[in-house]
Protein chains: 4
Amino acid sequence: MPRRLVSREAAPTDLACQYDHVRGHTAALCTPLGVEDYVIQSMPDVSPTRWHLAHTTWFFETFVLIPTLPQYQPFHPAYERLFNSYYNAVGDPFPRPRRGLLSRPTVADVMDYRAHVDTHMRELIGRLNPPYDAQLAATITIGLHHEQQHQELMLTDIKHVFSCNPLLPAYRPDAQRRQGIAPALRWQGYPEQVVTVGYAGDGFCYDNERPAHRTLIHPFEFASRLVTNGEFQGFMDDGGYRRPELWLADGWAAVQAENWQHPLYWRRDEQGWREFTLRGDEALDPDAPVCHVSYFEADAYARWADARLPTEFEWELAAREAGAPGAFVEAEVLHPAPAADGARGQMFGDAWEWTGSQYLPYPGYQPADGALGEYNGKFMCNQFVLRGGSCATARDHIRSTYRNFFPPQARWQFSGIRLAR
Amino acid sequence: MPRRLVSREAAPTDLACQYDHVRGHTAALCTPLGVEDYVIQSMPDVSPTRWHLAHTTWFFETFVLIPTLPQYQPFHPAYERLFNSYYNAVGDPFPRPRRGLLSRPTVADVMDYRAHVDTHMRELIGRLNPPYDAQLAATITIGLHHEQQHQELMLTDIKHVFSCNPLLPAYRPDAQRRQGIAPALRWQGYPEQVVTVGYAGDGFCYDNERPAHRTLIHPFEFASRLVTNGEFQGFMDDGGYRRPELWLADGWAAVQAENWQHPLYWRRDEQGWREFTLRGDEALDPDAPVCHVSYFEADAYARWADARLPTEFEWELAAREAGAPGAFVEAEVLHPAPAADGARGQMFGDAWEWTGSQYLPYPGYQPADGALGEYNGKFMCNQFVLRGGSCATARDHIRSTYRNFFPPQARWQFSGIRLAR
Amino acid sequence: MPRRLVSREAAPTDLACQYDHVRGHTAALCTPLGVEDYVIQSMPDVSPTRWHLAHTTWFFETFVLIPTLPQYQPFHPAYERLFNSYYNAVGDPFPRPRRGLLSRPTVADVMDYRAHVDTHMRELIGRLNPPYDAQLAATITIGLHHEQQHQELMLTDIKHVFSCNPLLPAYRPDAQRRQGIAPALRWQGYPEQVVTVGYAGDGFCYDNERPAHRTLIHPFEFASRLVTNGEFQGFMDDGGYRRPELWLADGWAAVQAENWQHPLYWRRDEQGWREFTLRGDEALDPDAPVCHVSYFEADAYARWADARLPTEFEWELAAREAGAPGAFVEAEVLHPAPAADGARGQMFGDAWEWTGSQYLPYPGYQPADGALGEYNGKFMCNQFVLRGGSCATARDHIRSTYRNFFPPQARWQFSGIRLAR
Amino acid sequence: MPRRLVSREAAPTDLACQYDHVRGHTAALCTPLGVEDYVIQSMPDVSPTRWHLAHTTWFFETFVLIPTLPQYQPFHPAYERLFNSYYNAVGDPFPRPRRGLLSRPTVADVMDYRAHVDTHMRELIGRLNPPYDAQLAATITIGLHHEQQHQELMLTDIKHVFSCNPLLPAYRPDAQRRQGIAPALRWQGYPEQVVTVGYAGDGFCYDNERPAHRTLIHPFEFASRLVTNGEFQGFMDDGGYRRPELWLADGWAAVQAENWQHPLYWRRDEQGWREFTLRGDEALDPDAPVCHVSYFEADAYARWADARLPTEFEWELAAREAGAPGAFVEAEVLHPAPAADGARGQMFGDAWEWTGSQYLPYPGYQPADGALGEYNGKFMCNQFVLRGGSCATARDHIRSTYRNFFPPQARWQFSGIRLAR
């Protein structure tokens, strides 16, 4: 039996709904943008908004429409290569660092591309009949989760683009701010135990969350909330960015090469620290979780605080008892918000949480067959796992077994710090 | 008496006319572009179209309106730095390689900026009274010639941007093609003589054309037209790009580092050689002048042809007897055209001609006072002089004493090859 | 109680013996070298032989003599910085990539330095009295293991230096070759079990092997010997270096950037494949273990072979039943040798074995106090664990819990491939 | 008739003498070196001493012995490639930046190589009979001048190597210092005139000094001595390294990229400025000529001093009236010395003088035939001409028409500043 990324068979009704919901959310994220904003690639990691719009569409065209509909005409012959991200099995992708060199296809062309693919996708979904089409439904479901991942990247990428502009444009100046006083940090203890980690349900999950398997957890304590900006300033005031003994060797090299002196998007003026957000340039909120820190900074902070980062399995165990989640993208806060008093955990939303686990396959891991096997497995090297989602993540995209991953020097995601010991 | 870039005092009527003419041509060049096209910087040498539109406007605001009109309010406080190209005396310019990171100000904002400055400039020009305002008129005249230079860069830059796109967009698919058979190359002899070179008239010229001075010319022969694509293919077929003995050492290093195998914008498909032009992708015309070659390629070709490149003074002497010019930008050919039969020289228009002269100051050279002194003089190092203008140059911008200059590896200008011996 | 790298208290007699033994072996390794050979740094990862000689001596001077002997005069005031490798707590180290710029101190100076430190060390060791000096003895023991690590690097570094020379000098042309027929590869099965891993004895170990802790092992099979050159040629013949689907994304990027087409030190001439060894240039032995492969190549080979690399704990479990070891440095073979028939495992010696485990701290890991805390812990990021030692490792340096680590692109160590599934 | 680098036919007796003299001086320069010193390449521009020893020998073997003596056996088959500097006609040279990766052939091997070639060369020279062997004698003469050029590079290269070493080794601590008070700077005026420049004699000259030709010189004034360290400090104290208006654009970019704040080899300690010399680390002598400045620094200094650099022809004209020369290498001062009072010019020796002339071919320039045609001509691009020799130049190597050339950013030669206006 072929291996697949997805196990659940979605009902066609749900799928049609979900399709419209996800595709519509992508469009909604573009509302505040001018045509010029869609085009810029501010660093190799960042993709232009227009590329995200086209690539997520390419996914459906390439993995659903072309293999399924014999009569289907691709919207444009050059798009197969132009909007391929990294699937070598599909062909030679257009080089990532050159995505920002393209002014054509225009935004309008890309919107037409989306409409063209949407029309065919909706028609196809309308004709799906289980159980025959289970595999197809599964691929469509992956496409939707894939698009949700790119929705988050659209936000972090446009934030980076805007941050390079001395005019400091605001993406959503009208977005609400959530304020509050961060409660005191408490520690929750866990005894040694063998737990089952990874996804064992029958809904959607990525292949990297499988197979569910047992692991032995050693006793540990877990912090009740994320580290705040105010606490991180304590690290800075104590010379955190100037003390090599607090850093991994590669981290210290990055501090010196990049001249890091504070988290990304912070700057200081006469009045004090300010932070560039998707809402615009703001005074730094000491109670909000620190974010846009690299793994190196998270690790150095933890060492300074006489603690460490949790492993991904400690996090997953703690997440089972999580209370109310923090801000997801639907809240339109677009920035991590202070932990609510009395809440347990601040585990989901607000900011991704760096774990001390490098991103590796689970025992018995099998990538999906075909090109989709390139989705996750080939990145299992020199990246660290992050857990829990952020203020830019869709609420129905995340789960406790979800494994996000970035290289340890990455800072442009909404990545924050959770302590364990 | 202060030193100035310009000597002629323009009559206000002329100036108003010229201002509208030049500024209008800039706008006309933008007609074929979509908003996305204004934003891209495809390499550090290239600037986004929108930047050219803003920078040429900044020039008038900075060097004319602000120093002259006490009540003038700059259009936007951030533009002084954002659209400064390289005038250190005006402040710290925004880094050139980052011009392509800006999506704001939008194209519409920049158009408003142009309109705002145009309004004040027209009003100011209307009030000019000689002789009192001679210096001011001179500065405005520089601003217009400056804008004409950027008009040419707008064309060469958008050509480079489009060439990076696998879709090969055409800037002006409707532009006319001029065809013809290149006449046989003839040699015109010149005896030894002392000639006066440089600008000695009372019209406009740049400071680098001054002072006019005498120089001793040795006997030489000068080719009757530019080298053609067909002739350059002969060099290629003879292993030109693989034979180090034909190249300067730095040129050979560039050939290997950049893997040069043909002029920029050529590519080969099953039918033969094609060339990407502002009119779109075309079959290579063997009778048209070769262009988009570096100094290194021009020099290697000349060595292969048992000739050499002319010095800039040989060129200037020969240009005194030039016949009808080739295509300027007004012809809307937008590509070098075959030499007309019987014409003398093909000296002006079509393609800039690399000379064997490094760009150095004339004896007694004095840069202009103030920030405008940075216009030319500080680039007098490691560049070679080009003469004669191109198909992207405005007809009233060029003259026989005009000195253009680029580093020897530059290929994205309309630069061609003239032989001497 | 202070944390230490070493737990065992060595008896002074042993220590004196060990000191002479280890220091003598370092000197013996230099016998085949000319003065010029000591000076070269062929890439940033490689250090000149002379630097290894001085740095291992610096270790004793810095961590033993200076803190212990109040009257001790450092041999040279500049050496503290010059021969510090990476201990920020000791001061600002001389930059690693510049080690090859130094012609002074000369080799003779460095030999004097060694003699000077040896004299004081021997005197000090002679005066040690347990239990009072347990900590000191432990530090000396670390220094000896440290020097053994550098002995291995001396060999891999000089091999790289010689390989850059078109003359292909042989380090030890007289070294013996061990030949044989590699036995068929068999698989040994292991059931699920909880095992204790890490060092739990009372001898010497590094801090990264502690604390011993329990871990849950899933069922697996383990290959009976290392992958051979002949088997690896099968991968190459099957397009292994040209098929992206076999590679991690970072690995495929390395293949393209570095143009990898075979293991390091292989080359092909008319007669077939040859391998550069410390014995000189030789015909490739198809029965010998493949070595000088990166993690990326090991991982790609395993995927091609429908297997995977073992985790470091699977390896450690399998190593408990290991049979006779392969070649260590004392065998003076200086290259991995074919597995002996009937032997179990080929676990120790011959070639380091890449595991699929990224190098991370064990649960409850505590780095040593003081500068020696920088020995291991700060490198726990983006490196993979290798196990088992090589033909360049001293026999008494290795043990089943020993964790070596290198970045996944490193190839200049004697690193080979063990399969699991 | 073939074109040649050299015109004079040397008498065999002279040649034998000269050969011994030049080759002997090379050997003498090595006396202060340890074996380790011969091996280091501290930057791509620098070659190891051993390479210079071998390459100058290779020149005689390749261009004299092999083509002349049918029975001659090359000393080693690999040396043809290994010690080829840049003669593509001879084959593919070993890459320049990798010269420092070679520990073999050893210094002793290279000395054997020299002896072997010397034996054959001496025998050959003994058998030369004019006029038949004129061409051969000319090639030998070039080889001797070539070796003299490398003698100077041996000194500037070992100085750079030693300067990278925190121990600051002295090459010749015993070399004499010449002290004195620099006389006041005076200006000598020259009227407009047509002069003949270039070499017109019948002795040796390089092809780049030919043909002698007439040129028109404009009126100018010429400074009576080189700029001193004390004067250059005035430039530094006046913010010279921080004021972009004083610099060429490329020069200002170099200042920022390289963080230049003073000439190469200067450093400041508590007592004041010090300069690293071939005699060791010394207090800066304010009366000595400033040296180890780039063209950019020379040009910026001249602009600051309201002067300019002379053209190479102005220099050549002024040199005709030069008084007693300064220190050449035979003086064993090994550093520029203060100008003698009353002397005219300080034109020769002490420090090379940057001119404002880019290095270009003379009208009618013809490179020599064959591989020796690569000696000079292919470097005529993006370099500036220096004149007059230095304290590291052999006295019989220099003449008033001699054209040295380096890129404008080069600082490791003994390059100083002469003013004109």
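Residues numbered from 1 in each chain as written. Chains lettered and ligands numbered in written order. Predicted model: local features only at pLDDT ≥ 70, side-chain atom pairs only at ≥ 80, totals over all residues. Heavy atoms only, no water.

Colleague: How would you explain the overall build of chain A if you had to name every residue and give the values?
Modeller: Counting its secondary structure elements, chain A contains nine helices and eleven strands. Referenced to the eigenvectors of the C-alpha coordinate spread, the extents of chain A come out at roughly 65 × 55 × 35 Å. Across chain A, every contact between residues at least 6 apart in sequence was considered, and the portion connecting residues at least 24 apart equals 80%. For chain A, the exposed surface amounts to about 15500 Å²; the carbon and sulfur share of it is 51%. Across chain A, the mean location of the 39 positive side-chain charges is 1 Å away from that of the 51 negative side-chain charges. (Helix = DSSP H or I, 4+ residues; strand = E, 2+ residues; numbered from the N terminus. Contact = heavy atoms within 4.5 Å. Areas by Shrake-Rupley, 256 points an atom, 1.4 Å probe, with all protein chains shown as cover. Lys, Arg positive; Asp, Glu negative; His and termini not counted. Charge placed at Lys NZ, Arg CZ, Asp CG, Glu CD.)

Colleague: Describe the sheet that holds strand β7 (residues 280-283) of chain B, listing the residues and the values that go with them.
Modeller: All names here are of chain B. Strand order in the open sheet formed by three strands is β5-β6-β7, and the pairing between neighbours is antiparallel. Each edge of the open sheet carries a strand with a single partner, namely β5 (266-269) and β7. Along the sheet, successive strands turn relative to each other by an average axial angle of 35°, direction set aside. Of the pairings in the sheet, the one linking β5 to strand β6 (residues 272-277) comprises four bridges and is antiparallel in character. Looking across to β6, one finds that Trp266 is bridged to Glu275. Together, β5 and β6 form the strand contacts of helix α6 (residues 229-237), whose direction differs from that of β5 by roughly 75°. (Pairing = 2+ DSSP bridges. Axes fitted to C-alpha atoms, helices over the stretch in contact; angles between N-to-C directions.)

Colleague: How would you explain the interface of chain C and chain D if you had to name every residue and give the values?
Modeller: Tallying the contact residues gives 30 residues for chain C and 30 residues for chain D. Regarding the contact of chain C and chain D, the summed buried area is about 2300 Å², with carbon and sulfur atoms giving 63% of it. If you look at where chain C meets chain D, you find two salt bridges. Here Asp37(D) makes a salt bridge to Arg104(C), at a shortest N to O gap of 2.6 Å. (Buried area = accessible area lost by both parts, 1.4 Å probe. Salt bridge = Lys/Arg side-chain N within 4 Å of Asp/Glu carboxyl O.)

Colleague: With reference to specific residues and values, describe the relation of the copies chain C and chain D.
Modeller: Mapping between the two chain copies consists of a rotation about an axis together with a translation along that axis. Superposing chain C onto chain D requires a rotation of 180° together with a translation of 0.0 Å along the rotation axis, leaving an RMSD of 0.0 Å. Taken together, the turn and the small shift mark the pair as related by a two-fold rotation axis. Proximity to the rotation axis, assessed at the C-alpha, singles out Glu36(C) in chain C; its C-alpha lies 2.9 Å from the axis. When the interface residues of chain C are mapped onto chain D, 100% of them are again interface residues, pointing to one common binding face. (Least-squares fit on C-alpha atoms with pLDDT ≥ 70 in both.)

Colleague: Any details on the sheet that holds strand β5 (residues 266-269) of chain A? Residues and values, ideally.
Modeller: Residue and element names in this part refer to chain A. With respect to topology, three strands assemble into an open sheet ordered β5-β6-β7, the strand pairing being antiparallel. Unpaired on one side and paired on the other, β5 and β7 (280-283) mark the two borders of the sheet. Across this sheet, the average inter-strand angle for adjacent strands is 35°, counted without regard to direction. Across four bridges, the pairing between strand β6 (residues 272-277) and β7 is antiparallel. Residue pairing in the sheet places Glu275 in a bridge with Glu282 of β7.

Colleague: I'd like a description of helix α8 (residues 295-304) of chain A, backed by residues and values.
Modeller: Residue and element names in this part refer to chain A. Counted residue by residue, α8 has eight buried out of ten residues, so it is predominantly covered. For α8, the complete set of buried residues consists of Tyr295, Phe296, Glu297, Ala298, Asp299, Ala300, Tyr301 and Ala302. On its buried face, α8 is in contact with α6 (229-237), α7 (249-258), β8 (352-358) and β9 (384-387). Phi turns positive, to about 55°, at Asp306, one or two residues after α8. (Buried < 20%, exposed > 50% of the residue type's maximum accessible area, 1.4 Å probe, protein only.)

Colleague: Talk me through the nonpolar core; I want residue IDs and the actual numbers.
Modeller: Judged by nonpolar contacts, the single largest core of 239 residues is most densely connected at Phe232(C), Ile417(C), Phe232(D) and Ile417(D). If sequence neighbours within four positions are ignored, Phe232(C) has contacts with Val227(C), Tyr241(C), Pro263(C), Trp266(C), Val290(C), Val293(C), Glu297(C), Tyr301(C) and Ile417(C). Of all hydrophobic cores here, the second largest spans 238 residues; its members include Val161(A), Leu65(B), Phe235(B) and Leu248(B). (Core = buried A, V, L, I, M, F, W, Y, C linked by side-chain atoms within 4.5 Å.)

Colleague: Quick rundown of the relation of the copies chain B and chain A? Include the residues and the values.
Modeller: With an RMSD of 0.0 Å, the operation that places chain B on chain A is a rotation of 180° combined with a shift of 0.0 Å along the axis. Mapped onto chain A, 100% of the interface residues of chain B again fall at the interface, so both copies present the same surface.

Colleague: Go over the interface of chain B and chain A with me, naming the residues and quoting the values.
Modeller: Interfaces are often sized by the amount of accessible area the parts lose when they come together. Listed as interface residues are 30 residues of chain B and, on the opposing side, 30 residues of chain A. Linking chain B to chain A there are two salt bridges. Applying the counting criterion to the chain B and chain A interface returns eight residue pairs in polar contact (both at pLDDT 80 or more). Elements supplying a minimum of two residues to the side of chain B that touches chain A: α4 (107-126) and α5 (134-163) of chain B. Classifying every residue of the side of chain B that touches chain A by side-chain character gives 18 nonpolar, eight polar and four charged. (Polar contact = N/O pair within 3.5 Å; in protein donor to acceptor, adjacent residues only side chain to side chain. Nonpolar A, V, L, I, M, F, W, Y, C, P; charged D, E, K, R; others polar.)

Colleague: Can you explain the arrangement of the chains? Please cite residues and give values.
Modeller: Over all C-alpha pairs, chain B and chain C never come within contact, reaching a minimum spacing of 15 Å. One finds no contact between chain A and chain D; the C-alpha atoms of the two approach each other to within 15 Å at their closest.

Colleague: Explain the packing of helix α2 (residues 49-68) of chain C against helix α5 (residues 134-163) of chain C to me, and be specific about the residues and the numbers.
Modeller: Residue and element names in this part refer to chain C. The interhelical angle for the contact between α2 and α5, taken along N-to-C directions, is 170°, at an axis separation of 9 Å. Classified by the interaxial angle, the pair formed by α2 and α5 is roughly antiparallel. Looking at the contact of α2 with α5, its residues break down into 13 nonpolar, nine polar and two charged. (Parallel < 35°, antiparallel > 145°, perpendicular 65-115°, else oblique.)

Colleague: Account for the pattern of salt bridges, with residues named and values stated.
Modeller: Across all of its chains, the model carries 104 salt bridges over all chains by this definition. A salt bridge links Glu332(B) to Arg172(B); the shortest N-O distance between them is 3.0 Å. Taken together, the positions of Glu332(B) in the loop between α9 (312-319) and β8 (352-358) and Arg172(B) in the loop between α5 and β1 (187-190) put the pair 160 residues apart, joining distant regions of the chain. A single salt-bridge network, built from bridges that share partners, covers Arg23(A), Arg114(A), Asp118(A) and Glu147(A).

Colleague: Give me the lowdown on the confidence of the model for chain A, citing residues and values where you can.
Modeller: All names here are of chain A. Overall, the predicted model of chain A reaches an average pLDDT of 94, with 95% of residues at or above 70. Below pLDDT 50 for its whole length, residues 1-9 participates in 28 contacts with residues either more than four positions away or in separate chains. Both scores are available for the predicted complex, with the pTM at 0.95 and the ipTM at 0.95. (pLDDT = per-residue confidence, 0-100.)

Colleague: Let's hear about the packing of aromatic side chains: which residues, and what values?
Modeller: Under the criterion given, the structure shown has 156 aromatic pairs over all chains. Aromatic side chains Tyr86(B) and Tyr87(B) sit 4.8 Å apart centroid to centroid with 25° between the ring planes, which places their arrangement in the stacked category. Tyr86(B) gets classed as partly exposed once you look at its relative accessible area, which sits at 25%. When the centroid spacing of 5.3 Å and the interplanar angle of 70° are considered together, the rings of Phe63(D) and Tyr87(D) count as edge-to-face. Taken together, the residues span a long stretch of sequence, with Phe63(D) in helix α2 (residues 49-68) and Tyr87(D) in the loop between α3 (79-82) and α4 (107-126) at a distance of 24 residues. The burial state of Phe63(D) is the same as that of Tyr87(D); both residues are buried. The side chain of Arg99(A) reaches across the aromatic face of Trp51(A), ending 3.6 Å from its centre. Over the ring of Trp187(D) we find Arg421(D); its NZ or CZ atom is 4.0 Å from the centre of that ring. (Phe/Tyr/Trp six-rings, centres within 6.5 Å; stacked < 30°, edge-to-face > 60°. Lys NZ or Arg CZ within 6 Å of the ring centre and 35° of its normal.)

Colleague: Outline the environment of Tyr359(B), listing residues and values.
Modeller: Residues and elements named next belong to chain B. For Tyr359, the position within the fold is in the loop between β8 and β9 (384-387). Taking the C-alpha atoms as reference, Tyr359 lies 5.3 Å from Val385; in sequence the two are 26 residues apart. If near-sequence neighbours (up to four positions away) are discounted, Tyr359 is found in contact with Asn208, Asn376, Phe379, Met380, Cys381, Gln383, Phe384, Val385, Arg403 and Phe405. There is a polar contact of 2.9 Å between the side chain of Tyr359 and the side chain of Asn208.

Colleague: How would you summarise unusual backbone geometry if you had to cite specific residues and measurements?
Modeller: Residue Pro211(B) is reached from Arg210(B) by a cis peptide bond, and omega for that bond is -10°. Its location among the elements puts Pro211(B) in the loop between β2 (193-197) and β3 (213-217). Look at Asn259(C): it is not a glycine, yet its phi comes out positive at around 55°. Looking at where Asn259(C) falls in the secondary structure, it is placed in the loop between α7 (249-258) and β5 (266-269).

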